[in-house]
Amino acid sequence: MKKYVLKRILIAIVTLFLITLILFMMEKVMPGSPFNDEKMTHAQVAALYHKYGLDGPVWLQFVNYLKNMLTGDFGVSYSIQVNTPVTTMILQHFTVSLQIGLQATALGAVTGFLMGVVAALKQNTIWDNLMTGVSVLGISLPNFVVALIISLLFSYKLMFFPSTYQPNQPFLSSILPTVALSTFTMASIEKYVRNDMVEIMNSDYYRLADSKGIKKYQLIGHHVLRNTLISVITVLAPLMIDLIAGSMVIEKAFAIPGLGTLYISAIQANDYNVVLGITFFYALLFIGIMLVVDILYGLIDPRIRLDEGE
C-alpha cells in the first residue's frame, strides 16, 4: 500500500507539471494581452512586459515561473487587481466557494443517500417511483435552470432569500445557490445507491445470509450499505471537487464572489498569472481528493487493498 501511495504521489507531481506546462504554452500562443488599455502607448505596454518579465524567451519565463511557484509565489495580477498576489486572490475567493460547495456536497450526498435507501427498500412501490422521478428530474435539469426557478419563487415571489450574494448575510445568501448546486449530486447519489442496493439484495450471498435468519437491519447495515459506500465515494469525489471549486454559472447567476467568478474574469482579461494559479489549484484539489478516495477504498473494503508490488 505504501508503494502504491508513493507511486500515485509521483504521478500526481508529473501530472501537475504537465498541466502547468501545457497551459503556460497555450497562453503564450493565444491572441490578446493582459494590458489591453487602449490609452496605453506601445512604449508603455513594452515597459510593462519588461517589468513583469514577459519579454524574455518563453522557456526562461516558464523556468522562472516554476521556481517561484515552488515557493508558493504564483505571481501578481496584471489587470484584474493590479499587483495583488495571486495566492491572496485565490484564498479570498475560495473561502466563499468552499462554504457553498461543502454545503451543497453535504445536502446532495445526505439527501441522495436517504432517497436511494428508501427507493431500494421500497422497490417497485410508489416511493420507489417517486424517488426515481425526482432523481431523473435532478439529472435532466441543468443547475442554472434550477437556480432560475428557485430564485424566481423564493426571492422575487416569496422574498424569503436574497436574490444575489450579500456579504453581510453569507449563510442566508448561500441557501439558494446551495440548493441549486446540490440537485445533480443528489440525483446521482440516489441513482447509484438504489441500483447498488437492489443488486446486492438480489445477490446469492445476501439471500443465503437472509435464509440463515440474520436480522434485516444487520443485513442492510453490515452487508448492503457498506458495499454501497464504495459507489457513493466513487461518484461523490469528482462531484465534490466541482462543487467546492465553484460552479461558474451558479456563481454568476447569484453574483457570488467565488473562485469560479474570478476564473472567468481572469480568462476574459488575459490575466495569465491568475488563470495559471487557479488552474493549478483546481488540478491540485482534484488530484489530492482522488488520492484520498483511493486510500478510502482499501479502508472501507479490505478486498480492494492493493498489494505492495503493484
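All residue numbers here refer to positions counted from 1 along the written sequence of the relevant chain. Since the coordinates come from a predicted model, pLDDT governs what is reported: local features require at least 70, and pairs of side-chain atoms require 80 or more to be given and counted, while whole-chain, interface and lining totals use all residues. Just so you know, side-chain values use all the structure's heavy atoms and leave hydrogens and water out.

Engineer: Just checking my understanding: could you explain the packing of helix α6 (residues 143-157) against helix α7 (residues 170-201) for this structure?
Structural biologist: How two helices pack is summed up by the angle between their axes together with the distance between the axes. α7 packs onto α6 with a crossing angle of 145° between their chain directions and a minimal axis gap of 9 Å. You can see that α6 and α7 cross each other, and the crossing is right-handed. Residues Asn143, Val146, Ala147, Ile150, Ser151, Phe154 and Ser155 of α6 pack against Leu176, Val179, Ala180, Leu181 and Thr183 of α7. Class assignment of the residues belonging to the contact of α6 with α7 gives a composition of 8 nonpolar, 4 polar and no charged. Fitting a line to C-alpha atoms yields each axis, with helices limited to the stretch in contact; the angle taken between N-to-C directions then spans 0 to 180 degrees. Strands here are runs of E lasting at least two residues and helices are runs of H or I lasting at least four, both read from the DSSP assignment and numbered beginning at the N terminus. With the far helix as reference, a near helix turned anticlockwise by less than a right angle produces a left-handed crossing, and one turned clockwise produces a right-handed crossing. Contact between two residues is taken to exist if any of their heavy atoms lie within 4.5 Å; hydrogens are not considered. Just so you know the grouping, Ala, Val, Leu, Ile, Met, Phe, Trp, Tyr, Cys and Pro go in nonpolar, Asp, Glu, Lys and Arg go in charged, and all remaining residues, Gly too, go in polar.

Engineer: What should I look at first to understand helix α5 (residues 126-140) in this one?
Structural biologist: Turn by turn, an α-helix covers 3.6 residues, leaving residues three or four places apart pointing in a common direction. In a helix, the anticipated span is given by 1.5 Å times the number of residues less one. If you check α5, its first and last C-alpha atoms are 21 Å apart, about what 15 residues at 1.5 Å a residue would give, namely 21 Å. Burial classes follow relative accessibility: with a 1.4 Å probe on protein chains only, a residue under 20% of its type's maximum area counts as buried, one over 50% as exposed, and anything between as partly exposed. Restricting attention to buried positions, one finds in α5 the residues Asp128, Met131, Ser135 and Gly138. Buried residues of α5, seen end-on, are gathered within an arc of 100° and therefore sit on one face of the element. Structural note: α5 exposes Ile126, Asn129, Leu137 and Ser140 on the side pointing more than 90 degrees away from its buried face. Residues of α5 that are buried sit in contact with α4 (86-121) and α7. Regarding the arc, it is the one traced by the directions from the helix axis to the C-beta atoms.

Engineer: Even after reading the chapter, I still don't get the packing of aromatic side chains, so can you show me in this structure?
Structural biologist: Note on aromatic pairs: each is described by the distance of the centres and the angle between the planes. Pairing of aromatic rings covers Phe, Tyr and Trp, the last counted by its six-membered ring, and requires centre-to-centre distances within 6.5 Å; plane angles under 30 degrees mean stacked, over 60 mean edge-to-face, and any other angle means tilted. Under the definition given, this model contains 7 aromatic pairs. Considering the side-chain rings of Phe24 and Tyr65, the 6.0 Å spacing of their centres and the 40° angle between planes classify their relative orientation as tilted. Taken together, the residues span a long stretch of sequence, with Phe24 in helix α1 (residues 2-29) and Tyr65 in helix α3 (residues 58-70) at a distance of 41 residues. The exposure class assigned to Tyr65 is buried, which follows from its relative accessible area of 8%. A centroid spacing of 5.5 Å and a plane angle of 45° characterise the contact between Phe74 and Phe280, whose relative ring orientation is tilted. Residue Phe74 is found in the loop between α3 and α4, and its partner Phe280 is found in helix α12 (residues 272-300); the two are separated by 206 residues along the sequence. As far as burial versus exposure is concerned, Phe74 and Phe280 are alike and both buried.

Engineer: Help me out: how do you make sense of a nonpolar patch on the surface in this one?
Structural biologist: Nonpolar side chains collect at one region of the surface, where Leu10, Val14, Phe17, Leu18, Ile22, Met26, Val29 and Met30 lie side by side and expose about 760 Å² of accessible area between them. If you trace the backbone, Phe17 turns up in helix α1. Take Phe17: its relative accessible area is 37%, and that puts it in the partly exposed class. The residues that make up patches have over 30% relative accessible area and no salt bridge, and they are joined within 9 Å when like-charged or within 5 Å when they are Val, Leu, Ile, Met, Phe, Trp or Tyr. For accessible areas, the Shrake-Rupley method is used with a probe of radius 1.4 Å. Any residue's cover is judged against the shown protein chains and nothing else. Put simply, a salt bridge is a Lys or Arg side-chain nitrogen that is within 4 Å of an Asp or Glu carboxyl oxygen.

Just geometry here; none of it tells us what the structure is for.
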